[in-house]
Amino acid sequence: MTITTAVLTGDVINSRKEKPEVWLSNLKKALNKYGKEPKNWEIYRGDSFQLEVTTVKALEAAIYIKAQMKQKKNIDVRIAIGIGDKDYNAEKLTESNGSAFVHSGECFQNLKKQTLALKSGIATFDKTLNLMLKLAALTMDNWLPATSRIVKTAMDNPNTNQNELASILGKSQSNISEALIRAGFDEIKQLLQHYQIKINEL
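How each quantity is defined
- Residues numbered from 1 in each chain as written.
- Predicted model: local features only at pLDDT ≥ 70, side-chain atom pairs only at ≥ 80, totals over all residues.
- Heavy atoms only, no water.
- Salt bridge = Lys/Arg side-chain N within 4 Å of Asp/Glu carboxyl O.
- Buried < 20%, exposed > 50% of the residue type's maximum accessible area, 1.4 Å probe, protein only.
- Helix = DSSP H or I, 4+ residues; strand = E, 2+ residues; numbered from the N terminus.
- Phe/Tyr/Trp six-rings, centres within 6.5 Å; stacked < 30°, edge-to-face > 60°.
- Lys NZ or Arg CZ within 6 Å of the ring centre and 35° of its normal.
- Pairing = 2+ DSSP bridges.
- Axes fitted to C-alpha atoms, helices over the stretch in contact; angles between N-to-C directions.
- Contact = heavy atoms within 4.5 Å.

Draft legend 1. Expanded view of the pattern of salt bridges. The tally for this structure, following the rule as stated, stands at 12 salt bridges. One salt bridge in this structure joins Lys57 and Glu60, with 3.2 Å as the shortest N-O distance. Judged by relative accessible area, which is 38%, Lys57 ranks as partly exposed. In this structure Glu60 comes out as buried when scored by relative accessible area, which is 16%. Note that Lys189 and Asp186 form a salt bridge whose closest N and O atoms lie 4.0 Å from each other. Residue Lys189 and its partner Asp186 are both found in helix α8 (residues 185-201); the two are separated by three residues, about one turn of the helix.

Below is the structure:
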């Protein structure tokens, strides 16, 4: 199987309980970071979305979208990452096709209580990574809005230290440090590094 791209399929949890203006601009901002509408991403059926990214960036994009969306109380996302190829390239992402799209759709259909999973069709890779994502979600699903904002800002500024983050956010360095520990941010960075190493081995 050829691996050429990654497709994220997701929806917004609790979108019906809030007006779209509460969460829609945050979703668009997060998607815009990774490409342009409608070639690279689309929002459809009101609260569902699809995003195509490089395989190396796929997990980072999913976590970034989550951090962006959870800045609003009670809002979260479910995201399925499909890894594979793209054999039909349309002007609109939702009209493109290939195994990455199929895997993403199938993975999304199987998301029950889980909010993040992936499918590449390579059993050993999928099994190990999905166990890691389940464990990571135990922390990420419980991020509070203030924590999510700090995680999102840290991801936007990967080369800044905690003092610089504190200055950007108007908080104390100790506040930033405590929030990143609560968020499991060091462990999430390690997970992203592990994912990138493994994806490059496929």
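That was the structure; now back to the text.
Draft legend 2. Representation of the packing of aromatic side chains. This structure, assessed with the given rule, holds two aromatic pairs. Where Tyr34 meets Tyr64, the ring centres are 5.9 Å apart and the plane angle is 75°; that geometry is what we call edge-to-face. Of this pair, Tyr34 sits in the loop between α1 (20-32) and β2 (41-44) while Tyr64 sits in helix α2 (residues 58-69), placing them 30 residues apart in sequence. The residues Tyr34 and Tyr64 share a single accessibility class, namely buried. Here the aromatic rings of Phe125 and Tyr195 are separated by 6.5 Å at their centres, their planes lie at 45°, and the arrangement is tilted. Of this pair, Phe125 sits in helix α4 (residues 123-140) while Tyr195 sits in helix α8, and the two are 70 residues apart along the sequence. The two residues Phe125 and Tyr195 agree in class, both being buried. Stacked on the ring of Tyr64, the Lys or Arg Lys33 has its end atom at 4.8 Å from the ring centre.

Draft legend 3. Structural detail: the sheet that holds strand β4 (residues 76-84). With mixed pairing, the five strands of this open sheet are ordered in space as β2-β3-β1-β4-β5. Across the chains shown, the open sheet's two edge strands, defined by having one partner strand only, are β2 and β5 (116-119). Averaged over neighbouring strand pairs, the angle between their axes works out to 15° when direction is ignored. Of the strands in this sheet, β1 (5-13), β2 and β3 (48-53) are in contact with α1, which crosses β2 at around 160°. On the sheet, α4 packs against β4 and β5 and is oriented at approximately 170° with respect to β5.

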